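Examining the three-dimensional arrangement
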Amino acid sequence: MKSDLSTPLGALQSPLKVKANAMWKKLNDSKLLLTMLIPAILYFAIFHYKPMYGVLIAFKDFKAFKGFDASPWVGLKHFRMFFSTPNAWRLVRNTFLLAANNIIWGFPAPIIFALILNEVKNTHAKKWVQTISYMPHFISTVVIVAMIDLFLSPRNGMINNMLVSLGFERIHFMAEAGWFRTVYVVSEIWQGLGWGAIIYLAALTNIDPQLYEAAMVDGATKIKQIIYITLPCLAPTITTLFLLRMGRVMSVGFEKVFLMQTPVIYETADVIQTFVYRQGMIQGNMSFATAIGLFNSVINIFFLIASNAIARKLNETSLW
Amino acid sequence: MFIVLGFIVFIMLYPFVYMIAVSLSDSISILQNKVTFYPKGFNLTSYKIVFRDPRIFTAYKNTIIYVAVGTLISLAFTGLAAYALSKKDRLIGAKFFNILILVTMFFSGGMIPKYLVVKDLGILNTTWAVILPSAISAWNLIIMRSFFDEFPKDIEDSGRIDGLNDYGVLWYLVLPTSGAVLSTIGLFYAVSIWNSFMEPFLYLQDKARFPLQVILRDIVLLGSNFDNQAASAVGDSVVIEDSLKFATIIVSVVPIIAVYPYIQKYFVKGVMIGSIKG
């Protein structure tokens with residue numbers, strides 16, 4: 001039934017019918033577009049949403065041969081079991097400390113780099129520095145850890161050779177728990193500095209130069225200009241990126257930690273996700289591993305919501 | 001100021017300079033720590049051994065296959081969806097789909113549930129297990145969608161007047177001028193597949209199917225030895241382990257460095273679009 005508002009009869013049709021007809025038309029119109037979406041919908045449904053549902057095995061005693069439905073519910077048993085193990089606290093502490101250090105040192109670094117680079121007037125030089133600085137971002141994690149392993153090697157690693165020539169002792173970086181976080185964070189900064197700065201540099205070019213001119217007329221120093229003009233203008237960008245970061249805070253780059261760790265340094269290097277890996281993939285305690293992984297995700301979500309709320313209160317920028 | 005920048009450039013480049021130098025140097029110089037910026041006693045021994053190792057050859061082949069097939073599939077899936085989603089007014093449920101996709105950027109089931117899904121699909125230990133689980137990146141999808149948003153509507157409208165349907169408009173009008181975004185996102189996906197370690201490691205079992213990164217880890221981090229036959233075939237000069245390891249690393253990084261200038265041109269724009277609009 002078509003709704004034709006030009007005839008008296010058509011105009012009398014109820015708003016609901018009009019809406020329904022419009023929707024029907026839209027559906028018809030979208031037919032082909034919807035087919036374009038099919039691969040993506042299938043992909044997200046199978047590889048993202050189905051696992052989300054599968055997380056429920058954290059509350060069951062999942063046995064592969066029984067399958068999902070036949071495995072019995074056990075409520076919070078796995079969570080209780082996890083927290084009664086002696087290592088639970090160590091894992092949470094390590095995950096948190098690694099993530100915190102990564103953010104405290106790693107988050108400001110690209111910003112500072114962008115600020116410095118922004119001062120360079122020679123566009124040619126600026127471009128070259130930028131190009132070189134992005135390169136490490138494209139190197140794989142395996143290569144990064146391999147480089148770390150070789151350069152920090154106590155036998156003849158480049159860094160240790162340098163230490164010795166300066167009169168210091170050799171340090172076995174990769175085997176001392178105390179060095180793990182430093183090595184992890186420093187290498188993260190090395191890899192992410194240039195790439196992270198891209199967005200800040202773009203935002204910096206959007207700041208009205210007249211603001212700076214006015215400030216200079218008022219006699220403001222470079223530092224003052226940065227504090228009172230640059231940073232406030234960058235605030236929305238910084239906030240958004242910070243929130244996006246918090247969304248992944250507890251998923252401390254599993255791949256890198258996994259590749260860097262050895263049982264010798266579990267004291268600082270074992271994080272929740274690596275424990276989940278060993279429990280689930282090596283020992284086959286699927287339910288238990290999923291439960292701990294879920295716990296990790298929940299903390300993540302908590303941090304994300306908390307920071308979003310704080311961001312909303314402090315300035316107008318927030319993710320939602 | 002410039003000291004800081006100079007220092008940064010130096011520490012970004014020097015590791016590679018050092019690795020290349022050592023991998024091309026002779027053992028005596030390496031043992032005496034004489035190699036700093038350029039090779040001493042230039043020789044290609046390490047590289048010869050690396051290239052003769054059958055594992056590396058197989059792994060390279062595997063990686064190239066995974067990258068080729070994977071990039072094609074990823075680009076196709078992502079491109080189609082991005083185009084459809086960019087038709088915000090015409091597509092029914094566009095908002096709903098967008099949220100659905102955004103949510104996956106923050107929440108996920110985790111390693112174990114995802115592994116179980118892959119297992120239940122029966123694709124463990126196949127090429128599909130390497131390609132499908134990360135076929136679409138929500139981030140890349142948003143970037144492509146933003147790009148299609150900008151496409152002039154008039155051109156599309158005139159196409160539809162001429163009788164083209166959505167697929168026709170996409171294929172004949174939009175895609176031919178979308179070279180920039182297709183190359184950028186394509187390269188993003190390619191690099192990502194080239195560099196992937198975790199998925200192949202989790203989902204593959206046969207050594208013969210392992211890609212480069214997994215073999216690289218075996219050799220450099222776990223120290224599994226090079227084929228003794230390969231080593232002795234090059235003569236009985238002692239080859240330093242580090243030189244071999246650096247050569248292996250360089251060999252797996254060179255393709256990335258090679259495409260780097262091409263990606264470089266486009267991605268800054270792409271990243272900005274993605275982050276500002278997304």
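The residue numbering used here restarts from 1 in each chain and proceeds along that chain's sequence as written. Going through the entries in the order they are written, you letter the chains from A and number the ligands from 1. Only residues with pLDDT of at least 70 are given local features in this predicted model, and only at 80 or more are side-chain atom pairs given and counted; all residues enter the totals for whole chains, interfaces and linings.

1. Digging into the overall build of chain B
Numbering goes from the N terminus for both helices and strands, where a helix is a DSSP run of H or I of at least four residues and a strand is a run of E of at least two. Scanning chain B from N- to C-terminus turns up 15 helices and 0 strands. Here exposure depends only on C-beta density: within 10 Å of a residue's C-beta, 20 or more other C-beta atoms make it buried, 12 or fewer make it exposed, and intermediate numbers make it partly exposed, the C-beta atoms being placed from the backbone. The proportion of buried residues among the 278 residues of chain B is 43%. Of all intrachain contacts in chain B linking residues separated by at least 6 positions in sequence, the fraction that spans at least 24 positions is 74%. Note on contacts: residues are paired as contacts if their backbone-placed C-beta atoms lie within 7 Å.

2. Considering the overall build of chain A
Helix and strand counts for chain A stand at 17 helices and 0 strands. Taking 20 Å as the expected radius of gyration for a compact globule of 320 residues, we find that chain A reaches 27 Å, considerably beyond that expectation. Seen through its C-alpha atoms, chain A measures out along the principal axes to roughly 95 × 75 × 35 Å. In chain A, the share of contacts with a sequence separation of at least 24, taken over all contacts with a separation of at least 6, comes to 63%. Throughout, the radius of gyration refers to the C-alpha atoms, and the reference size of a globule is 2.2 Å times the residue count to the power 0.38.

3. Some points on the interface of chain A and chain B
Taken together, the contact between chain A and chain B spans 63 residues of the former and 65 residues of the latter. By residue number, the principal contributor to the side of chain A that touches chain B is helix H3 (residues 31–54) of chain A, which donates 15 residues. Class assignment for the residues of the side of chain A that touches chain B results in 43 nonpolar, 14 polar and 6 charged. Gly counts as polar in this scheme, as do all residues outside two lists: the nonpolar Ala, Val, Leu, Ile, Met, Phe, Trp, Tyr, Cys and Pro, and the charged Asp, Glu, Lys and Arg.

4. Details of the nonpolar core
Judged by nonpolar contacts, the single largest core of 114 residues is most densely connected at A:Ala146, A:Ile292, B:Ala81, B:Ala84 and B:Ile249. In terms of residue count, helix H4 (residues 54–86) of chain B provides more of this core than any other element does, 12 residues in total. Apart from the residues within four sequence positions on either side, B:Ala81 is in contact with A:Met36, A:Leu37, A:Ala40 and B:Leu141. The term nonpolar core refers to a set of buried Ala, Val, Leu, Ile, Met, Phe, Trp, Tyr and Cys residues connected through C-beta atoms within 7 Å. Residues A:Ile111, A:Leu193, A:Tyr200 and A:Leu234 belong to the second largest nonpolar core, which totals 13 residues.

5. Some details on the packing of helix H8 (residues 123–134) of chain A against helix H1 (residues 2–23) of chain B
Relative to each other, H8(A) and H1(B) sit at 35 degrees, their axes nearing to 9 Å. By crossing handedness, the relation of H8(A) to H1(B) is classed as left-handed. Two secondary-structure elements touch here, H8(A) through A:Val129, A:Ile132 and A:Ser133 and H1(B) through B:Leu5, B:Ile8, B:Val9, B:Met12 and B:Leu13. Its residues assigned to classes, the contact of H8(A) with H1(B) comprises 7 nonpolar, 1 polar and no charged. Each axis is a line fitted through C-alpha atoms, taken for helices only over the stretch in contact, and angles between the N-to-C directions span 0 to 180 degrees. Crossing handedness follows the turn of the near helix against the far one: under a right angle anticlockwise gives a left-handed crossing, and clockwise gives a right-handed one.

6. Looking at the domain arrangement of chain B
Often the size quoted for an interface is simply the accessible area lost on bringing the parts together. All names here are of chain B. Domain extents, as shown, originate in an automatic or database domain assignment. The assigned domain composition of chain B is domain 1 (1–43) and domain 2 (52–277). Every contact between the two is made by 8 residues of domain 1 and, on the other side, 10 residues of domain 2. Broken down by secondary-structure element, the contributors of at least two residues to the side of domain 1 that touches domain 2 are H1 and helix H2 (27–31). Split into classes, the residues belonging to the side of domain 1 that touches domain 2 amount to 5 nonpolar, 3 polar and no charged.

7. Points about the domain arrangement of chain A
The domain boundaries assigned to chain A delineate domain 1 (15–59) and domain 2 (77–142 + 180–314). The C-alpha-based centres of domain 1 of chain A and domain 2 of chain A are spaced at 33 Å.

8. Observations concerning the confidence of the model for chain A
Per residue, pLDDT measures the predictor's confidence, with a range of 0 to 100. Looking at chain A as a whole, its pLDDT mean stands at 87, while 94% of the residues score no less than 70. Model confidence for chain A, summarised as mean pLDDT per element, is weakest for helix H1 (residues 8–11) of chain A at 60 and strongest for H3(A) at 94.

9. Regarding unusual backbone geometry
You will see that B:Asn125, though not glycine, has its phi angle at about 65 degrees, which is positive. If you trace the backbone, B:Asn125 turns up in the loop between helix H6 (111–120) and helix H7 (127–131).

10. Looking at the packing of helix H7 (residues 108–118) of chain A against helix H11 (residues 177–205) of chain A
Residues and elements named next belong to chain A. At a closest axis distance of 7 Å, the pairing of H7 and H11 adopts a crossing angle of 55 degrees. Overall, the two elements H7 and H11 adopt an arrangement that is oblique. Here the hand of the crossing between H7 and H11 comes out right-handed. Between H7 and H11, the residues in contact are Ala109, Pro110, Ile111, Phe113, Ala114, Leu117 and Asn118 and Ile189, Gly192, Leu193, Gly196, Ala197, Tyr200, Leu201 and Leu204, respectively. The residue inventory of the contact of H7 with H11, partitioned by class, reads 12 nonpolar, 3 polar and no charged. What sets the label is the angle itself: under 35 degrees gives roughly parallel, over 145 gives roughly antiparallel, 65 to 115 gives roughly perpendicular, and the rest give oblique.

11. Observations regarding helix H2 (residues 15–29) of chain A
Compared with the 21 Å implied by 1.5 Å per residue over 15 residues, the 21 Å span of H2(A) between its first and last C-alpha is a close match. For H2(A), the tally of buried residues reaches only 0 of 15 residues, placing the bulk of the element at the surface. To estimate the expected span of a helix, count its residues, drop one, and scale the result by 1.5 Å.

12. Focus on the environment of A:His78
Residue and element names in this part refer to chain A. Its location among the elements puts His78 in helix H5 (residues 77–84). What makes His78 buried here is the crowd of 25 C-beta atoms within 10 Å. Excluding its chain neighbours within four sequence positions, the residues that come into contact with His78 are Ala58, Ser287, Phe288 and Ala291.

13. Notes on H11(A)
Its 29 residues give H11(A) an end-to-end C-alpha distance of 43 Å, which sits within 8% of 42 Å, the value for a rise of 1.5 Å per residue. The angle between axes fitted to the seven-residue stretch ending at a residue and the seven-residue stretch beginning at it gives the bend at that residue. Considering bend angle alone, the principal kink of H11(A) is centred on A:Gly192 and spans about 50 degrees.

14. Looking at the environment of B:Glu150
Relative to the helices and strands, B:Glu150 resides in the loop between helix H8 (138–149) and helix H9 (153–161). Here the alpha-carbon distance between B:Glu150 and B:Tyr14, two residues 136 residues apart in the chain, equals 41 Å.

15. Quick look at the confidence of the model for chain B
All names here are of chain B. A residue-level look at chain B finds 89% of positions with pLDDT of 70 or above and a mean pLDDT of 86. Per-element confidence in chain B is highest for H4, whose mean pLDDT is 95, and lowest for helix H14 (residues 228–233), whose mean pLDDT is 49. Under the prediction, the complex receives an ipTM of 0.88, its pTM being 0.87.

16. Notes on the environment of A:Lys224
All names here are of chain A. Locating Lys224 in the fold gives a position in helix H13 (residues 222–246). What makes Lys224 partly exposed here is the crowd of 13 C-beta atoms within 10 Å. Each C-alpha atom, one on Lys224 and one on Ala20, is 60 Å from the other, the two residues being 204 residues apart in sequence.

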